[in-house]
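Here are the chains, one letter per residue:
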Amino acid sequence: MTRWRFLARRLAMLVASLLVASFVIFSAVQVAPGSALSALTGGRALPAASVAALSARYHLNDPFFEQYWYWLDNVLHGNLGTSIEWRENVTTLMRSLAGTTAGLVLYAAVIIVVLGVGLGVASGLRPGGWLDSSVLVATAVSAAVPSFIAAMVLIAVFAVQLGWFPPLGNGSGFGDTIWHLTLPAVALAVSSLAIVARVTRAAVREEAGREHVQTAVSRGIPYRHIVSRHILRNAAIPITTVAGITIASLIAVDAVVETAFSINGLGSLLVQAAEDKDLAVVQGISLVLVAAFVVINLVVDLLYAVLDPRVVLGTAAR
Amino acid sequence: MTASALTGRPESRSRRVPLAGALRGTGVAGHASAVIIVLAAFVAVFGRWLAPYDTVDPNPVLAFVGPVGGHPLGFDFEGRDVLSRLLAGAQTSMIGPLAVVAISLLIGIALAVASAWRRGAVDATVSAGLGIVFAFPGILLAVLSTAVFGAGLPAAAIALAVAYIPYVARVLRGAALKERSQPYVAALEVQGVSGAAICVKHIIPNLSSLIVAQATIMFGWAMVDLAAISFLGLGVQAPTPDWGVMISENAVGIQQGYPLPALAAGACVIIVVIAFNVLGERLLERSGS
């Protein structure tokens, strides 16, 4: 039953932080210099009918907390308001772009997990080998390369010089989209990939040197079995931590990569909306991105509990 | 068990470390990083005067012309000397992160020490508040803030500083808790020294090596994030020279097969960030956490 209590507590924390985050995002309109109305119109001159519609929609004549309540009620019903720039429902705008962004982040996450953990395990099991040395050098450099600079280098080399990949845009159809999203996904993944590989390598090396592993080796237990049951099982906890943190952080960096590659996604729309002072869009996308960020962090927390039952019991020395 | 506990004269360990030893134990890499950082700081202060050519006025005839005599890095998309703009751009590229680190350190230290000192309800409230800030990735908070307050370095830097506070506060709270349980603190309390005085005069100075290490690492993060925000067009505004701005405005050159100006600015960011990362990690190892 402690397991269910643990899950319930984590879910309650999730709801609480989403509520507070939504309040912070909502308050953005109120703290903006000038009146709430001018913040919502982004300083544009609108016809009186539109102003009346905005005031009614945001209940601008009601007390602050009531305004928040109406807004939240709308948000929970999937209504994020109308974009002042695009003159379209924010939910509709976002729905057409969410797939691209989710696909890009997922693509980068797969690269991080497969290559980062794979390289880390391979180099950690054979310390000092040629693979280990090259992984160490390559990750030391790429860990410090910000995604937007990686994007520039990737475009210069693989799109313009070699012509292997398209430099810009979304592509159409499944295969073409994957083709277009490859360089962006690599740009998004590169520094996280390096960090995950380094942490994995260190964790595997540490676990491989433990006494119980030496004992297993001396008892003639098959090497594959030792690696999977005795080394990786224990190394999985730090690896999950760092992979989870880095993958969650992709959500913010995504905006930069989408802009660098001119991809139409939530991130590039967010940046565009911020430039246009299109607050309804900024609020809607921020809300979704924060929710995704918080949910990924929850998933990582739950994974811990699966990997290390002490977390549930509250006895783990973390 | 310390001498201070016996003599009743508390002393701060950190104050015994002379300034010259600030880099002791950081190795060759740490020293090399420090040299790069000092150099970058020098350029940030004097770069404007070191720049041999005008950094703002466009000269379209020379747009994307390669390196020639006197212009070792060639010209940018508006025909301005790239080296001059890099030298002048160091200022905004370094001042932004400095402001971010200063603000988040100031607030983070205060919150960490207050929660370690008072514990209980204060501690619980502070960590709940930090948990909420934690839900906002730095770049996202900065974009939100520029949408509300208008694009520019101040809005972006303040938002990033807020987003970094949980990282500073969590690390320092743990260290401050350890420090608070030291016998010298109990000795001072018995002598009737006020809590605020103990925190400011003894606990914070004793955390200084950790604070410096944390600040160094955070400077690297802030530099990357601010450059990214300027790259998005929401931070430093063109035509002000800035490394992040230079990457975005010269990105067109990459498409046209002339990547030098954009990549030169990118290289400046990466070199300085690596220097801060390496030195920060060495300092962190030395501070023993």
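Fair warning: this is a prediction, and the values are worked out from it, not measured in the lab.

Conventions adopted
- Residues numbered from 1 in each chain as written.
- Chains lettered and ligands numbered in written order.
- Predicted model: local features only at pLDDT ≥ 70, side-chain atom pairs only at ≥ 80, totals over all residues.
- Helix = DSSP H or I, 4+ residues; strand = E, 2+ residues; numbered from the N terminus.
- Buried ≥ 20, exposed ≤ 12 C-beta atoms within 10 Å, placed from the backbone.
- Contact = placed C-beta atoms within 7 Å.
- Nonpolar A, V, L, I, M, F, W, Y, C, P; charged D, E, K, R; others polar.
- Axes fitted to C-alpha atoms, helices over the stretch in contact; angles between N-to-C directions.
- Parallel < 35°, antiparallel > 145°, perpendicular 65-115°, else oblique.
- Left-handed = near helix turned anticlockwise from the far one by under 90°.
- Core = buried A, V, L, I, M, F, W, Y, C linked by C-beta atoms within 7 Å.
- Expected span 1.5 Å × (residues − 1).
- pLDDT = per-residue confidence, 0-100.

A. Local environment of the overall build of chain A. Within chain A one finds 13 helices and zero strands. Overall, chain A shows an N-to-C arrangement of helices and strands of α-α-α-α-α-α-α-α-α-α-α-α-α. Along the first, second and third principal axes, the C-alpha set of chain A runs to 85 × 60 × 35 Å. The buried share of chain A, taken over its 318 residues, is 38%.

B. Looking closely at the overall build of chain B. On a plain count of helices and strands, chain B comes out with twelve helices and zero strands. The linear arrangement of helices and strands in chain B, starting from the amino end, is α-α-α-α-α-α-α-α-α-α-α-α. Expressed as lengths along the three principal axes of its C-alpha atoms, the size of chain B is roughly 75 × 45 × 25 Å. With 289 residues in all, chain B has 51% of them scored as buried.

C. Region of interest: the interface of chain B and chain A. With 36 residues of chain B at the contact, the number on the chain A side is 39 residues. Elements with a minimum of two residues in the side of chain B that touches chain A: α4 (120–134), α5 (138–149), α9 (208–231), α11 (251–255) and α12 (260–286) of chain B. The biggest single contributor to the side of chain B that touches chain A is α5 of chain B, with nine residues. Each residue belonging to the side of chain B that touches chain A can be placed in one class, and the counts come to 28 nonpolar, eight polar and no charged.

D. Examining the packing of α5 of chain B against α9 of chain B more closely. Residues and elements named next belong to chain B. The N-to-C vectors of α5 and α9 enclose an angle of 40°; their axes lie 10 Å apart at closest approach. Relative to α9, the element α5 lies oblique. Seen along the crossing, α5 lies across α9 with a hand that is right-handed. Touching Gly 138, Ile 139 and Ala 142 of α5 are Asp 225, Ala 228 and Ile 229, all from α9. Tallied by class, the residues present in the contact of α5 with α9 amount to four nonpolar, one polar and one charged.

E. View of the nonpolar core. In terms of nonpolar packing, the biggest core is built from 178 residues, with Met 152 of chain A together with Val 143, Leu 160 and Leu 172 of chain B touching the most fellow members. Once residues lying within four places of it in the same chain are set aside, the contact partners of Val 143 of chain B are Ala 255, Leu 270, Val 271 and Ala 274 of chain A together with Leu 234 of chain B.

F. Molecular detail of the packing of helix α10 (residues 223–260) of chain A against helix α12 (residues 279–307) of chain A. Residue and element names in this part refer to chain A. Remark: α10 packs on α12, axes separated minimally by 9 Å, with the N-to-C direction vectors making an angle of 175°. As the angle between them shows, α10 and α12 are arranged roughly antiparallel. Every residue of α12 that contacts α10 at Ala 236, Ile 237, Thr 240, Gly 244, Ile 247, Ala 248 and Ile 251 is listed here: Leu 289, Ala 292, Phe 293, Ile 296, Asn 297, Val 300, Leu 303, Tyr 304 and Leu 307. Its residues assigned to classes, the contact of α10 with α12 comprises 13 nonpolar, three polar and no charged.

G. Structural detail: unusual backbone geometry. Residue and element names in this part refer to chain B. Residues Ala 238 and Pro 239 are joined by a peptide bond in cis, for which omega reads 5°. At Phe 64, a position not held by glycine, the phi torsion is positive, near 55°. Within the secondary structure layout, Phe 64 lies in the loop between α2 (27–50) and α3 (82–118). With a phi angle near 45°, Arg 119 is a residue other than glycine that sits in the positive phi range. Checked against the element boundaries, Arg 119 lands in the loop between α3 and α4.

H. Local environment of the environment of Ser 84 of chain B. Residue and element names in this part refer to chain B. Locating Ser 84 in the fold gives a position in helix α3. What makes Ser 84 buried here is the crowd of 23 C-beta atoms within 10 Å. With 53 residues separating them in the primary sequence, Ser 84 and His 31 have C-alpha atoms 27 Å apart. If we skip the residues at most four places from it in the chain, Ser 84 touches Ala 51, Pro 52, Tyr 53 and Thr 55.

I. Just helix α8 (residues 195–206) of chain B, in detail. All names here are of chain B. Over its twelve residues, α8 runs 15 Å from end to end, which matches the ideal 16 Å to within 8%, given 1.5 Å per residue. When α8 is considered as a whole, its buried residues turn out to be Ile 198, Cys 199, His 202, Ile 203, Ile 204 and Asn 206. Looking at the buried positions of α8, the neighbouring elements they touch are α3, α6 (153–180), α7 (183–190) and α9.

J. Focus on the environment of Ala 143 of chain A. All names here are of chain A. Here Ala 143 is to be found in the loop between α6 (130–142) and α7 (147–161). Considering only alpha carbons, one finds Ala 143 and Val 190, 47 residues apart in sequence, at a separation of 7.2 Å. What Ala 143 contacts, discounting residues up to four positions off in sequence, is Ser 191, Ala 194, Ile 195 and Arg 198.

K. Just the confidence of the model for chain B, in detail. Residue and element names in this part refer to chain B. When pLDDT is averaged across chain B, the result is 86; 92% of the residues are at 70 or more. Taking the mean pLDDT of every element in chain B, the minimum, 45, falls on helix α1 (residues 3–7) and the maximum, 93, on α3. Confidence estimates for the predicted assembly give a pTM of 0.85 and an ipTM of 0.83.

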